[in-house]
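# Close look at the chain arrangement
Each chain is listed here by its residues.
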Amino acid sequence: MKLKTERLQLFPITLDLAQTLMKNSLAFYYKFQLPWNKNWPHNGLKALMPMYAERLENDTEELGFGPWVMIDSEGDHVIGDIGFKGKPDPEGNVEIGYHVVASERSFGYASEAVEGLCEWAFKNDQVKGIEAQCDKDNIPSQKVLINNGFTHTGRNQDILVFRKEKKIYHQENTCNKEF
């Protein structure tokens, strides 16, 4: 499974790749023949890997609803990661999060990746809405969400909550009758 956008390649972190990242992140760079970036994987992703790997071991359908790697379209370097915090809940909601390495910020990569992953998620019949949270001071992240059709829906102290609903198009039955 791989997604391609105009400037990015996105692929979900498999169980094998999660174990590689947990044991030796340099092995990831060797495997994909990418130049090492000391800022990726970041600490948040490293902390998530053991729990995510355990979920994948117990349920292969978690693949795609966890973290994805973002690399440039030519496969030359890591841009960051994006992903969901698990499969859809009973109401059909998933939560998205993303991280772009500092040297790649302000080039629109997060917006492009969010758009691609939202399109992927909404193709799943179980997904009805996508939520995101970001710090009230993280203006660039807020812009990414707003530019991707997310609406600010709430606040939990210093964290803003955003949501994007699946668009459902109803095709009206129209009948041309001649009288």
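The structure contained in this document is the topic of the report that follows. The model shown is predicted, which means the values in this text are computed figures rather than measured ones.

## Some details on the packing of helix H1 (residues 15-23) against helix H3 (residues 43-58)
- Axis separation between H1 and H3 bottoms out at 9 Å; the angle between their running directions is 155°. Taken together, the axes of H1 and H3 lie roughly antiparallel to each other. H3 is crossed by H1, and the crossing has left-handed handedness. Touching Leu-15, Ala-18, Gln-19, Leu-21 and Met-22 of H1 are Met-49, Pro-50, Tyr-52, Ala-53, Leu-56 and Glu-57, all from H3.
- The class makeup of the residues in the contact of H1 with H3 is nine nonpolar, one polar and one charged.

## Side note on the pairing of strand E5 (residues 93-100)
- Relative to E5, strand E4 (residues 78-84) runs antiparallel, the two being bridged by five bridges. Within E5, the position partnered with Gly-83 by the bridge is Gly-97.
- Pairing geometry for E5 and strand E6 (residues 129-135), over three bridges, is parallel. By the bridge assignment, Asn-93 is partnered in E6 with Gly-129.

## Overview of the state of the cysteines
- Inspection of the entire model under this criterion finds zero disulfides.
- For the unlinked cysteine Cys-118, the closest cysteine sulfur is that of Cys-134, found at 14 Å.
- Take Cys-118: its relative accessible area is 1%, and that puts it in the buried class.

## Quick look at the environment of Phe-65
- Note on placement: Phe-65 falls in the loop between H3 and strand E3 (67-72).
- When its relative accessible area of 5% is taken as the criterion, Phe-65 is described as buried.
- In this structure the C-alpha to C-alpha distance between Phe-65 and Leu-145, which are 80 residues apart in sequence, comes to 19 Å.
- Those residues in contact with Phe-65 that sit more than four places away from it in its chain are Arg-55, Phe-84, Lys-85, Gly-86, Lys-87, Pro-88, Val-94, Trp-120, Asn-124 and Val-127.

Here is what the cut-offs are and how they apply
Residues numbered from 1 in each chain as written. Predicted model: local features only at pLDDT ≥ 70, side-chain atom pairs only at ≥ 80, totals over all residues. Heavy atoms only, no water. Axes fitted to C-alpha atoms, helices over the stretch in contact; angles between N-to-C directions. Helix = DSSP H or I, 4+ residues; strand = E, 2+ residues; numbered from the N terminus. Parallel < 35°, antiparallel > 145°, perpendicular 65-115°, else oblique. Left-handed = near helix turned anticlockwise from the far one by under 90°. Contact = heavy atoms within 4.5 Å. Nonpolar A, V, L, I, M, F, W, Y, C, P; charged D, E, K, R; others polar. Pairing = 2+ DSSP bridges. Disulfide = S-S within 2.5 Å. Buried < 20%, exposed > 50% of the residue type's maximum accessible area, 1.4 Å probe, protein only.

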